[in-house]
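# A closer look at the structure
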Amino acid sequence: MILGPHALGLLNESLLDAPWYGVTESLLECTVGLMIGTELIWKKMKQAGKQIVVTTITESLGTFVIVSLVFGVIFWFADVPLYLAFMFGGIALATAPAPSLSIVNEMKTSGPVTKTLIPMAALDDLVGALVFFLVVALVSAKISTQHISVFVVLLLVFLPVFLGIATGFITGKLLQHAKSDKASLGILIGMLLLSCALGLYLNQVVLPSPVINFLLIGMAFSTVFANMISEEQLNAIMKVMNPVIGLGLIVAILNLGAPLDYHLIFGAGVYTAVYIISRAIGKYSGAYIGAALTHAPDTVKKYLGLTLLPHSGVSLIFTGISVSILSGPAPECAAIIQGTIAAAAVINEIIAVFMAKKGFEWAGELHQAKGETDQ
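Residues numbered from 1 in each chain as written. Predicted model: local features only at pLDDT ≥ 70, side-chain atom pairs only at ≥ 80, totals over all residues. Heavy atoms only, no water.

### Concerning the packing of aromatic side chains
Here is the rule: Only Phe, Tyr and Trp rings are paired, with Trp represented by its six-membered ring, and only when their centres lie within 6.5 Å; those with planes under 30 degrees apart are stacked, over 60 edge-to-face, the remainder tilted. Secondary structure follows DSSP: runs of H or I at least 4 residues long count as helices, runs of E at least 2 residues long count as strands, and numbering of each begins at the N terminus. Burial classes: relative accessible area under 20% of the type maximum marks a residue as buried, over 50% as exposed, and values in between as partly exposed (1.4 Å probe, protein chains only).
Going through the model one piece at a time under the given rule, you end up with 14 aromatic pairs. With a centroid separation of 5.5 Å and an interplanar angle of 90 degrees, the aromatic rings of F75 and Y271 are classed as edge-to-face. Of this pair, F75 sits in helix α3 (residues 42–78) while Y271 sits in helix α12 (residues 269–293), and the two are 196 residues apart along the sequence. Here F75 and Y271 have matching classes, each one buried.

### Quick word on a nonpolar patch on the surface
The condition that has to hold: Like-charged residues are merged into a patch within 9 Å and nonpolar side chains (Val, Leu, Ile, Met, Phe, Trp, Tyr) within 5 Å, provided each residue has over 30% relative accessible area and no salt bridge. Here the open area of atoms and residues is found with the Shrake-Rupley method and a 1.4 Å probe, where only the protein chains shown may cover a residue. The term salt bridge refers to a side-chain nitrogen of Lys or Arg lying within 4 Å of a carboxyl oxygen of Asp or Glu.
A contiguous nonpolar surface patch, about 590 Å² in accessible area, is contributed by I2, L3, L8, L10, I250 and L254. Here I2 is to be found in the segment before α1 (13–16). With relative accessibility at 61%, the residue I2 sits in the exposed group.

### A few points about helix α8 (residues 181–206)
Helical periodicity: at 3.6 residues per turn, an α-helix aligns residues three or four positions apart in one direction. Heads up, the rule is: To estimate the expected span of a helix, subtract one from its residue number and multiply by 1.5 Å.
For α8, with 26 residues, the first-to-last C-alpha span of 36 Å sits near the 38 Å given by 1.5 Å per residue. Buried residues of α8: S184, L185, I187, L188, M191, L192, S195, C196, G199, L200, L202 and N203, and no others.

### What to know about unusual backbone geometry
Positive phi outside glycine occurs at D79, with the angle close to 60 degrees. Classification of D79 as exposed rests on a relative accessible area of 72%. Here K108, not a glycine, exhibits a phi torsion of approximately 50 degrees, which is positive. When you line up the elements, K108 lands in the loop between α5 (97–106) and α6 (112–143).

### Here we look at the pattern of salt bridges
When their charged atoms lie close together, side chains carrying opposite charge are able to pair. Per the stated rule, a full pass over the model turns up 3 salt bridges. Residues E59 and K283 are paired through a salt bridge, measuring 2.8 Å at the closest nitrogen-oxygen approach. Residue E59 is located in helix α3, and its partner K283 is located in helix α12; the two are separated by 224 residues in the primary sequence. Two residues, E361 and K358, come together in a salt bridge whose shortest N-O distance is 3.4 Å. With E361 and K358 both in helix α15 (residues 331–362), this residue pair falls 3 residues apart, about one helical turn. Residue classification places K358 among the partly exposed positions, given a relative accessible area of 21%.

### A closer look at the nonpolar core
Let me state the cut-off plainly: Buried Ala, Val, Leu, Ile, Met, Phe, Trp, Tyr and Cys residues form a nonpolar core when they are joined through side-chain atoms within 4.5 Å. What makes two residues a contact is simply this: any of their non-hydrogen atoms within 4.5 Å.
F71, L84, F88, Y275, F318, L326 and I337 are the most contacted members of the largest nonpolar core, which totals 54 residues. In terms of residue count, α6 provides more of this core than any other element does, 10 residues in total. Setting aside its immediate chain neighbours within four residues, I337 contacts L84, M87, F88, I91, T319, S322, V323, L326 and A342.

### Section: helix α2 (residues 19–37)
With 19 residues, α2 should reach 27 Å at 1.5 Å per residue; the first-to-last C-alpha distance of 27 Å fits that figure. Regarding α2, the residues found buried are Y21, E25, S26, L28, E29, C30, T31, V32, G33, L34, I36 and G37.

### A closer look at the environment of M1
Note on placement: M1 falls in the segment before α1. On the accessibility criterion, M1 (30% relative accessible area) is partly exposed. For the pair M1 and N255, spaced 254 residues apart in the sequence, the C-alpha separation amounts to 9.5 Å.

### A short note on the packing of helix α13 (residues 298–307) against α15
Applied cut-off: Every axis corresponds to a line fitted to the C-alpha atoms, with the helix fit spanning only the stretch in contact, and the corresponding angles, defined between N-to-C directions, vary from 0 to 180 degrees. In these notes the angle categories are as follows: under 35 degrees is roughly parallel, over 145 is roughly antiparallel, 65 to 115 is roughly perpendicular, and the rest is oblique. Each crossing gets its handedness from the near helix: less than a right angle anticlockwise from the far helix is left-handed, clockwise is right-handed. Just so you know the grouping, Ala, Val, Leu, Ile, Met, Phe, Trp, Tyr, Cys and Pro go in nonpolar, Asp, Glu, Lys and Arg go in charged, and all remaining residues, Gly too, go in polar.
Two elements in contact, α13 and α15, have axes separated by 7 Å at closest approach and are oriented at 155 degrees. Comparing the axis directions of α13 and α15 gives the class roughly antiparallel. Here the hand of the crossing between α13 and α15 comes out left-handed. Of α15, the residues touching α13 (which contributes Y303, L306 and T307) are A352, M355, A356, G359, F360 and W362. Here the contact of α13 with α15 is built from residues that sort into 7 nonpolar, 2 polar and no charged.

### Remarks on empty space enclosed by the protein
Defined as follows: A cavity here means a set of points on a 1 Å grid, drawn over the protein atoms and nothing else, where a 1.4 Å probe fits but cannot get out; a pocket is an open set with protein on both sides within 12 Å along at least five of seven lines, and a residue lines either one if it has an atom within 4 Å of a point. Grid points are joined across faces, edges and corners, and a volume is the space filled by probe spheres set on the points.
Applying the stated criterion to the full structure yields 1 cavity of 30 Å³ or more. Around the largest cavity, the lining residues are I36, A94, D124, D125, G128, A129, L215, M219, V314 and F318. When the residues that make up the lining of the largest cavity are grouped by side-chain class, the tally is 7 nonpolar, 1 polar and 2 charged.

### Points about the packing of α2 against α8
The geometry of α2 relative to α8 is characterised by a closest axis approach of 10 Å and an angle of 125 degrees between their N-to-C directions. Between α2 and α8, the crossing angle belongs to the class labelled oblique. The element α2 and its partner α8 pack so that their crossing is right-handed. Judged by residue contacts, V23, S26, L27, C30 and T31 of α2 engage L192, L193, C196 and L200 from α8. Its residues assigned to classes, the contact of α2 with α8 comprises 7 nonpolar, 2 polar and no charged.

### Concerning the side chain of T31
Heads up, the rule is: Pairs of N or O atoms within 3.5 Å make up the polar contacts considered here, provided that, within protein, one atom can donate a hydrogen while the other can accept it, and that residues adjacent in sequence are counted only when both atoms are side-chain atoms.
Counting through the fold element by element, T31 comes out in helix α2. Judged by relative accessible area, T31 falls into the buried class, the value being 3%. Only 2.9 Å separates the side chain of T31 from the backbone oxygen of L27, close enough to count as a polar contact. Setting aside its immediate chain neighbours within four residues, T31 contacts L192, M241, V244 and I245.

Function-wise, these values are silent; they only describe arrangement.
The following block contains the structure:
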């Protein structure tokens, strides 16, 4: 926001609207999708078992229901369109596992909470993306001035998924025949560029307006090829790609924050507080219910929810998608989401990382991995 046109103006509107910037941003968004897709390994998810799956679903849907319900009541009295409450619920689903996983690595945690959290990190992103994009499709159909049917909107929303699956399958087949790490990396970069180019072609030539989501292309693309190659080959590729993904995430967040007027944050104080509190209640209670239903240990019931509070990263990308959909037909709703989530991302990250560390501490899992064999 400080760099954007409303403050210092280093990232001004002419730069943000430049075609080359749009293409670069789309490519980096596609690359960020690798962060999620390469975690969705079917073998690992199968091993996660019933407890992980049930707990992931209850904490995700519990968060969606509570945040949507709380904002639904507030927006009813504030005369704000109710569909915005469901968009808040969809964004609130997203969990940023990186802060909690960094505590796991740095503080050598081990125990039931740690063993539950690690496989949940990938599953949580999958459930969050499915629910969020379903909400986006329904809201888009409702606010569209062209009266497009829900089926057509769903088709447009999941078109990048089909594109990513197709290019990801070809990539997987090529990677299976790669003879070296350099060849693997070359194939991945080439096919990633092709995937992005096809998305840009659909956006600018085939479709009547730009609707392709490049994060979804990257997610689908990487999920498919990651399940077709060995873990060693995938780790070698991702070791090189992780810094690029980090850069992509920075640019995606800058792209969301730069156009924001910092006055929005001061005006969104109440909504921000309500959002942080209702999301925390949803995550904690949903994780507690899921753990209780699957007879998980008491420490998982009591403290797993605290490790799921970190929220930036994917949530900011979801916010950017929501804003792009709302900015035309409902700019006032786009402003509410922008201001609320931007402020919540900063405040929640400070509180959430502290609470996640406390969760591991209260569960008695800090420094328990010392002396254990690395897995």
